[in-house]
Amino acid sequence: MCSNIRVYLTFIIMAMASVASYSQVTFNEMASELGITDNDFTCGVGIVDLDNDGYSEIITATHIGNDRLYMWNGTQYEELGEEYGLAAPANYHHQIALTDIDKDNLPDFFVSGDPAYGNHGHLYLNRGQPPFLDVAENYNVDTVREMGSAFMQFLPDSELGFLCGGRMMVRTGQEFFDITDGSGFETIQNVLSPVFFDMDNDYDDDVFIGGNHSDNSGRLYRNNGDSSFTDVSSNTNEGGFPIGQGAAIEDFDGDGDFDIYITYGYGFNSMWFNDGPGYFVNATNYSNTGVEGYSRGVTTGDYDNDGDVDIFVNRALDYNILFLNDGNGRFSDISYDAGIADNLNGGGCASSDLDNDGQLDIVAVNFDFDETQVYINQNENSNYLKIKLQGIYPNTLALGAIVKLYGIENDPPSEEYIGMREVRSVTTLYSFDDPIMHFGTGDYESLRIEVVFNSLRSYDTTGVTPGQQITINESMISVDDPPANLPDEYLLVSAYPNPFNASTIITAEGLDSPDAKIKIYDTLGRLIRSDQLTDNKYVWNGKNDNGNSAPSGMYFVRVSDNLKSESVKITLLK
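Description of the structure in this document. Because the structure is a prediction, the values reported are computed rather than measured.

**Regarding the overall build of the protein chain**
And then number 1: The number of helices and strands found in the protein chain is two helices and 44 strands.
And then number 2: The proportion of buried residues among the 574 residues of the protein chain is 62%.
And then number 3: Put simply, of all contacts in the protein chain between residues at least 6 apart along the chain, 56% involve residues at least 24 apart.
And then number 4: On the protein chain, roughly 20,700 Å² of surface is accessible, and the fraction owed to carbon and sulfur atoms is 46%.

**Describing the nonpolar core**
And then number 1: Grouped together as the largest cluster of nonpolar side chains are 69 residues, with contacts concentrated most on Leu 389 and Ile 449.
And then number 2: Residues contacting Leu 389, with those up to four places away along its chain left out, are Leu 397, Ala 398, Ala 401, Val 403, Val 423, Met 437, Val 451, Phe 453 and Ile 472.
And then number 3: Formed by 21 residues, the second largest nonpolar core is a distinct cluster that contains Met 271, Tyr 286, Val 313 and Tyr 319.

**Quick look at the environment of Ile 36**
And then number 1: Here Ile 36 shows up in the loop between β3 (27–29) and β4 (41–48).
And then number 2: Spatially, the C-alpha atoms of Ile 36 and Glu 371 are 8.8 Å apart, while their sequence positions differ by 335 residues.
And then number 3: What Ile 36 contacts, discounting residues up to four positions off in sequence, is Ala 31, Ile 58, Tyr 70, Tyr 77, Thr 372 and Val 374.

**Comments concerning the environment of Gly 440**
And then number 1: In this fold, Gly 440 is placed in strand β34 (residues 437–440).
And then number 2: On the basis of relative accessibility, which here comes to 1%, the residue Gly 440 falls in the buried class.
And then number 3: Residues Gly 440 and Gly 419, 21 residues apart in the sequence, show an inter-C-alpha distance of 8.9 Å.
And then number 4: Those residues in contact with Gly 440 that sit more than four places away from it in its chain are Asp 302, Asn 305, Gly 307, Asn 383, Tyr 384 and Ile 418.

**Some words on the packing of aromatic side chains**
And then number 1: Evaluated as defined, the whole model comprises 29 aromatic pairs.
And then number 2: Seen in terms of ring centroids, Tyr 84 and Phe 132 are 5.0 Å apart; in terms of plane orientation they differ by 65 degrees. Their pairing is edge-to-face. Linking Tyr 84 in the loop between β7 (77–79) and β8 (96–99) with Phe 132 in the loop between β10 (122–125) and β11 (133–134), this pair joins segments that are 48 residues apart in sequence. Across this residue pair, the class does not change: Tyr 84 and Phe 132 are buried.
And then number 3: Ring plane angle 70 degrees and centroid distance 6.2 Å describe the contact between Phe 252 and Phe 331, whose orientation is recorded as edge-to-face. You can see Phe 252 sitting in the loop between β20 (246–250) and β21 (259–263) and its partner Phe 331 sitting in strand β27 (residues 331–333), a full 79 residues away along the chain. Like Phe 331, Phe 252 is buried.
And then number 4: Members of the aromatic cluster, joined through ring pairs, are Phe 110, Tyr 139, Phe 151, Phe 162 and Phe 176.
And then number 5: Against the face of Tyr 319 rests Arg 315, its NZ or CZ located 4.8 Å from the ring centre.
And then number 6: Taking NZ or CZ as reference, Arg 448 lies 4.3 Å from the ring centre of Tyr 406, over its face.

**Some thoughts on the pairing of strand β25 (residues 310–315)**
And then number 1: Summarising burial for β25: six of the six residues are buried, a large majority.
And then number 2: The two faces of β25 match: Asp 310, Phe 312 and Asn 314 on one face and Ile 311, Val 313 and Arg 315 on the other face are all buried.
And then number 3: Note: strand β24 (residues 295–301) against β25, six bridges, orientation antiparallel. Across the sheet, Thr 300 pairs through a bridge with Ile 311, a residue of β25.
And then number 4: Examined bridge by bridge, β25 and strand β26 (residues 321–325) share three bridges and lie antiparallel to one another. Its bridge partner being in β26, Ile 311 is matched across the sheet by Phe 323.
And then number 5: Here β25 folds back onto β26 in antiparallel fashion, the turn holding five residues.

**Considering the sheet that holds strand β36 (residues 458–464)**
And then number 1: Here we have four strands laid out as an open sheet, ordered β33-β32-β35-β36, and antiparallel in their pairing. Single-partner strands in this sheet number two, and they are β33 (413–422) and β36. Across this sheet, the average inter-strand angle for adjacent strands is 15 degrees, counted without regard to direction.
And then number 2: Pairing between strand β35 (residues 447–452) and β36: six bridges, direction antiparallel. Each residue of the ladder has a partner; that of Val 452, found in β36, is Ser 458.

Definitions and limits used
Numbering of residues starts from 1 in every chain and runs along the sequence as written. For a predicted model such as this one, the threshold for reporting local features is a pLDDT of at least 70, and the threshold for listing and counting side-chain atom pairs is 80 or more; totals across whole chains, interfaces and linings nevertheless cover every residue. Only hydrogens and water are set aside; all other atoms, that is, all heavy atoms of the structure, feed into the side-chain values. A run of H or I in DSSP counts as a helix once it spans at least four residues, and a run of E counts as a strand once it spans at least two, with each numbered from the N terminus. A 1.4 Å probe rolled over the protein chains alone gives each residue an accessible area, and that area as a share of the maximum for its type sets the label: buried under 20%, exposed over 50%, partly exposed in between. Contacts are residue-level and defined by heavy atoms, with any inter-residue pair within 4.5 Å sufficient. The accessible surface values rely on the Shrake-Rupley method and a 1.4 Å probe; as for residues, cover is taken only from the protein chains in view. Take the buried residues of types Ala, Val, Leu, Ile, Met, Phe, Trp, Tyr and Cys, join any two whose side-chain atoms come within 4.5 Å, and each joined set is a nonpolar core. Under the pairing criterion, centres of Phe, Tyr and Trp rings, with the six-membered ring standing for Trp, must be within 6.5 Å; the plane angle then separates stacked pairs below 30 degrees from edge-to-face pairs above 60, leaving the rest tilted. Any Lys NZ or Arg CZ found within 6 Å of a ring centre and within 35 degrees of that ring's normal is scored as a charge over the ring. Whether two strands pair comes down to DSSP finding at least two bridges between them. The angle between two axes is taken between their N-to-C directions and runs from 0 to 180 degrees, where each axis is a line fitted to C-alpha atoms and a helix contributes only its stretch in contact.

Written out as structure tokens, the structure is:
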């Protein structure tokens with residue numbers, strides 16, 4: 001994108017350990033300058049390069065109005081929805097889900113509809129030229145009634161699955177067949193935001209589902225590895241998740257597994273740290289992210305390129321929020337300083353490097369006929385790496401593939417985990433982020449990339465320099481290459497005595513690293529003690545990091561190395 005749409009700002013770089021922490025990130029709202037002028041009642045947004053020209057297009061799903069397709073023409077975006085065959089008028093369209101239904105390496109997408117209101121789901125086949133073909137009826141997905149839907153791959157060699165509302169379907173030949181019975185999803189309904197992700201580091205996709213009504217708590221399902229799922233929503237320190245409409249799932253605390261941030265609607269948002277594998281602790285107070293104000297959409301990314309994941313929340317009854325991560329899963333509200341604190345009627349949102357400058361931008365759509373916002377990131381640095389994955393048949397989009405990035409230090413030789421990303425069909429409420437994965441790289445000058453595709457083929461390369469985009473093609477990887485760090489066993493963590501009074505000995509078996517870390521949380525998700533194990537053991541005397549005695553009660557101990565993590569509950573009695 002041309003430099004005339006950007007305002008270059010000076011920002012101060014503050015060194016913090018080996019990863020940079022940037023004191024300022026600033027956005028300019030530039031929707032009208034970029035040719036995006038709609039004021040529909042818009043629910044969802046998706047961002048993806050539909051024509052492989054190196055610039056991403058913007059798709060919107062509209063509750064009342066017309067679905068929109070904004071194509072980049074070299075100087076700005078041009079709305080070409082009608083030319084490309086998108087439904088008009090688009091009554092009761094909500095979510096957009098990314099797929100490649102004909103496996104031609106051109107992204108396709110599904111827009112959910114509601115037959116009860118005279119409109120059905122639309123599956124748009126991208127032919128590389130207008131118009132797209134609506135093949136929903138051909139593939140037996142035109143009668144989807146719920147708002148939420150997402151594609152995934154059950155097993156390394158399976159066809160695509162499709163969770164559409166309360167139905168689980170699998171592709172067989174040229175259509176999808178309903179396999180809901182026996183899938184574990186027989187009773188779910190009012191699905192808003194199904195987000196598939198690997199919660200337990202076993203390289204198959206589990207799913208978190210947000211609900212549409214006040215009586216629907218967030219639900220978590222573990223993939224059984226056989227096209228069925230088990231409800232494990234109780235795997236939290238509070239016995240379940242709160243009500244939630246949207247969710248963003250990333251490694252917010254930088255410990256090597258995916259956490260969940262839930263937007264509530266009228267209530268308070270909440271943060272849930274994955275205490276491994278797949279056990280979640282309420283860390284809302286610790287993370288400082290428990291805002292209200294009718295939050296709907298949420299998108300994530302490293303907006304200041306310092307090496308951690310930040311959060312943007314699109315709200316309806318208060319200003320939009322940008323939470324900046326301090327690198328340890330604690331966040332600061334910098335919305336006004338960043339220039340994104342608009343107060344409209346927020347719906348979905350998505351992140352992408354729209355102008356290809358290495359800085360993530362944000363698109364936020366709105367209900368009630370408010371204008372779409374396009375926030376262009378005004379920072380200028382080369383502390384980033386963008387990675388595009390190309391999968392193989394039948395998963396050409398590489399859905400479910402996980403990329404981990406490490407920074408390399410030369411003196412002394414070492415490497416440090418920066419973060420992880422996963423390719424997903426849906427990333428949040430009604431919407432999906434650009435599937436090109438963006439990492440901030442901080443001050444590192446050399447990087448190592450580790451990729452595990454859903455086929456379990458793996459790729460590992462080192463000496464990569466920041467400030468570029470690279471493409472990794474799964475077809476170029478030998479089928480005999482073993483998965484990178486695929487766990488064949490989990491840690492065994494125990495504590496004795498438990499319950500305890502003066503002290504307890506925490507023991508870990510199966511560690512792969514001598515510098516394993518231990519973290520102890522209270523029942524509110526607050527980190528009270530952080531240290532390292534010695535000879536696979538740690539003696540906790542019931543005191544926090546400040547040397548003060550912790551009160552009686554239940555605590556959660558998490559032990560992790562570079563590859564695995566495990567938790568145990570302990571009880572302190574006084």
